[in-house]
Every structure is written in structure tokens, then in C-alpha cells.
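Read off the chains here:
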Amino acid sequence: QVQLVESGGGLVQAGGSLRLSCAASGRTFSTYVVGWFRQVPGKEREFVAAIKWSGGITYYGDFVKGRFAISRDSAKNTAFLQMNSLKPEDTAVYYCAAKPEDDHGKFQYWGQGTQVTVSS
């Protein structure tokens, strides 16, 4: 079982930056894919970014366009999402998720989410 805890959300002005963290307990991420998703009330959950822990390969949603960067710290078993040039439309609850690398289905483990609010 994997427990995920997000942190780092908050209120920021447009153009600002935030760094989200996703700390795991119960199992190391060494053979997992860790992803970030976001959701606005009334809309479907949207893929933001993911990282394959073992090789560090990264994936991004089309809307990111170089503004966000996902990274990992294996020693801390923690993933990060650095968000720069934030826009009001980035306002959402951001969720961390994980699944084994050899699982090609949906993400199995989810955090509780952290609110990101970008003011104009």
C-alpha cells in the first residue's frame, strides 16, 4: 500500500511560481510512475505531468508548454512539480498519483489533493 501526501499549494499572483511536493510512505517509488493531475469543480480531472521513477523519463500535458517541471528526489521518496508563469486558469486542486511502472492501467494510489489558486 502506498500513501501519498501533497503539499505546497496556496495562493499566488498570476506570473508567480509554486512548488508542489508529493511524499510517499509505505513503499518506495523506485519502480513506480508518479503523476500530477488537476481538477476544477464540474470538470474532468486533467493530466499535468508524470515521471517514470527508475529512468527519470517525464511526460507532460499539452497545456504545460514548458511552464511546469516534474522531478524526483529518490533519497526523500518525494516527487515535485515546479510551476512557473502561473495563470488564473491553472487554479485547481492538484493531486499526486502513483502506479507500478508495469501497470498500463489507471493510477492506483492518490493523495488528498492540494489547492492552487492563481489570482489575476
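Please read these numbers as outputs of a predicted model, since none were measured by experiment.

Visitor: Go over the environment of Trp53, please, and point to the residues and values.
Guide: Within the fold, Trp53 resides in the loop between strand E5 (46–52) and strand E6 (58–60). Between the alpha carbons of Trp53 and Ser85 there is a distance of 26 Å; along the sequence they are 32 residues apart. Those residues in contact with Trp53 that lie beyond four places of it in its chain are Phe29, Ser30, Tyr32, Val34, Arg72, Asp73, Ser74, Asn77, Thr78, Ala79 and Glu101.

Visitor: Give a detailed account of the packing of aromatic side chains, specifying residues and quantitative values.
Guide: Counted under the stated rule, the structure contains eight aromatic pairs. On the basis of an interplanar angle of 70° and a centroid distance of 5.6 Å, the ring pair of Phe37 and Phe47 is categorised as edge-to-face. Taken together, the residues Phe37 in strand E4 (residues 32–39) and Phe47 in strand E5 connect sequence positions ten residues apart. Take Phe37: its relative accessible area is 10%, and that puts it in the buried class. Residue classification places Phe47 among the partly exposed residues on the basis of a relative accessible area of 29%.

Visitor: I'd like a description of unusual backbone geometry, backed by residues and values.
Guide: For Lys65, which is not a glycine, the phi torsion comes out positive at approximately 50°. Position of Lys65 among the secondary structure elements: in the loop between E6 and strand E7 (68–73). The class of Lys65 is exposed, set by a relative accessible area of 71%. A positive phi angle, close to 50°, is found at Asn77, a residue other than glycine. Position of Asn77 relative to the elements: it lies in the loop between E7 and strand E8 (78–83). With relative accessibility at 10%, the residue Asn77 sits in the buried group.

Visitor: Quick one: what's the story with the pairing of E5, residue by residue and with numbers?
Guide: For E4 and E5, the ladder comprises six bridges, and the chain directions are antiparallel. Directly across from Trp36, in E5, lies its bridge partner Ala49. In sequence, E4 turns back onto E5 through a hairpin of six residues, with Gly42 there showing a positive phi of about 90°. For E5 and E6, the ladder comprises three bridges, and the chain directions are antiparallel.

Visitor: Break down the pattern of salt bridges for me, with residues and values.
Guide: Between side chains of opposite charge, pairing is possible as soon as their charged atoms come close. Taken as a whole and assessed by the stated rule, the structure comprises three salt bridges. One salt bridge connects Asp90 with Arg67, and the closest N-O pair in it is separated by 2.7 Å. Here Arg67 lies in the loop between E6 and E7 and Asp90 lies in the loop between E8 and strand E9 (92–100), a separation of 23 residues in the sequence. Salt bridges linked by common partners bring Arg38, Glu46, Arg67 and Asp90 together as one network.

Parameters and conventions
- Residues numbered from 1 in each chain as written.
- Predicted model: local features only at pLDDT ≥ 70, side-chain atom pairs only at ≥ 80, totals over all residues.
- Heavy atoms only, no water.
- Helix = DSSP H or I, 4+ residues; strand = E, 2+ residues; numbered from the N terminus.
- Contact = heavy atoms within 4.5 Å.
- Phe/Tyr/Trp six-rings, centres within 6.5 Å; stacked < 30°, edge-to-face > 60°.
- Buried < 20%, exposed > 50% of the residue type's maximum accessible area, 1.4 Å probe, protein only.
- Pairing = 2+ DSSP bridges.
- Salt bridge = Lys/Arg side-chain N within 4 Å of Asp/Glu carboxyl O.

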